[in-house]
Amino acid sequence: MAEHTSSSITIEAAPADVMGVIADFARYPEWTGEVKEAEVLDKDEAGRAEKVRLLLDAGAIKDDHTLAYTWTGDNEVSWTLVKSQMLRSLDGSYRLAPAGGGTRTEVTYQLTVDVKIPMLGMIKRKAEKVIIDRALAGLKKRVESGA
């Protein structure tokens, strides 16, 4: 079983507002840093993205890949890799937990990345940590700015 990396952050907004930003893939290039393009390829009956193509530039990891998304209720979304040029696997999730009477949200981001080229596990975990920390900081800034 592959090791995963996870981190959490508290955002000063209700879970629905946070998930609204997470689910708005078209605007990812505006706040994620690593995602240069995002295109929703398929949607579920509720209109949520089921398959998304992302053009990623995360320094050591540059890739054009497609992810399949699974939505669990209103407070969790997970994804798994469908196809990629550089990655063997990319599994992750955002889990949201209401805090402060529902006015704040504890967001936990979990990520497991496996690249096709040989890479030491320690370097891989560090890359995952950088991706997670940037994503959580960008998400917090985006949600709290009200954009």
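Parameters and conventions
- Residues numbered from 1 in each chain as written.
- Predicted model: local features only at pLDDT ≥ 70, side-chain atom pairs only at ≥ 80, totals over all residues.
- Heavy atoms only, no water.
- Helix = DSSP H or I, 4+ residues; strand = E, 2+ residues; numbered from the N terminus.
- Rg over C-alpha atoms; globule rule 2.2 N^0.38 Å.
- Buried < 20%, exposed > 50% of the residue type's maximum accessible area, 1.4 Å probe, protein only.
- Contact = heavy atoms within 4.5 Å.
- Arc of directions from axis to C-beta.
- Salt bridge = Lys/Arg side-chain N within 4 Å of Asp/Glu carboxyl O.
- Core = buried A, V, L, I, M, F, W, Y, C linked by side-chain atoms within 4.5 Å.
- Pairing = 2+ DSSP bridges.

Draft legend 1. Fine view of the overall build of the protein chain. A count of helices and strands for the protein chain gives three helices and seven strands. Listing each helix as α and each strand as β along the protein chain from the N terminus yields β-α-α-β-β-β-β-β-β-α. Here the protein chain has a C-alpha radius of gyration of 15 Å; the compact-globule value for 147 residues is 15 Å, and the two agree. Oriented by its inertia axes, the alpha-carbon framework of the protein chain measures out at about 45 × 35 × 30 Å. Counting only residues that meet the buried cut, the protein chain has 44% of its 147 residues in that class. Considering only contacts in the protein chain between residues 6 or more positions apart, those separated by 24 or more positions represent 47%.

Draft legend 2. Inspection of helix α1 (residues 15-23) at higher detail. Of the residues making up α1, those classed as buried are Pro 15, Val 18, Met 19, Val 21 and Ile 22. Considered in projection along α1, the buried side chains sweep an arc of 155° and stay on one side of the axis.

Draft legend 3. Fine view of the environment of Ser 78. Counting through the fold element by element, Ser 78 comes out in strand β5 (residues 76-84). The spacing of Ser 78 and Tyr 94 is 16 residues in sequence and 6.4 Å in space, taken between C-alpha atoms. Ser 78 has contacts with Ala 68, Tyr 69, Thr 70, Gly 92 and Ser 93, leaving out every residue within four places of it along the chain.

Draft legend 4. Inspection of the pattern of salt bridges at higher detail. Taken as a whole and assessed by the stated rule, the structure comprises eleven salt bridges. Arg 142 serves as the salt-bridge partner of Glu 30, at 2.6 Å between the closest nitrogen and oxygen. Of this pair, Glu 30 sits in helix α2 (residues 28-31) while Arg 142 sits in helix α3 (residues 121-145); the two residues are 112 residues apart in sequence, bridging distant segments of the chain. Arg 142 sits in the buried class, given a relative accessible area of 11%. Measuring nitrogen to oxygen at the nearest pair gives 3.3 Å for the salt bridge that ties Asp 114 to Arg 88. Taken together, the positions of Asp 114 in strand β7 (residues 104-115) and Arg 88 in strand β6 (residues 87-99) put the pair 26 residues apart, joining distant regions of the chain. With relative accessibility at 51%, the residue Arg 88 sits in the exposed group. Because the salt bridges share partners, they merge into one network encompassing Glu 37, Glu 39, Arg 53 and Asp 64.

Draft legend 5. Quick peek at the nonpolar core. Grouped together as the largest cluster of nonpolar side chains are 39 residues, with contacts concentrated most on Val 18, Ile 22, Tyr 69, Tyr 94, Val 107, Tyr 109 and Leu 139. For this core, the element with the most residues is α3, which contributes six residues. Once you skip the residues sitting within four places of it in the chain, Ile 22 turns out to touch Tyr 28, Val 77, Tyr 94, Leu 96 and Leu 139.

Draft legend 6. Broad picture of the pairing of β7. Counting buried positions along β7 yields nine of twelve residues, so the element is predominantly enclosed. Direction of pairing for strand β1 (residues 5-11) relative to β7: antiparallel, over a ladder of seven bridges. The residue of β7 that forms the bridge with Thr 10 is Glu 106. Pairing between β6 and β7: twelve bridges, direction antiparallel. Within β7, the position partnered with Gly 92 by the bridge is Leu 111. Two successive antiparallel strands, β6 and β7, enclose a turn made up of four residues, where Gly 100 displays a positive phi of approximately 55°.

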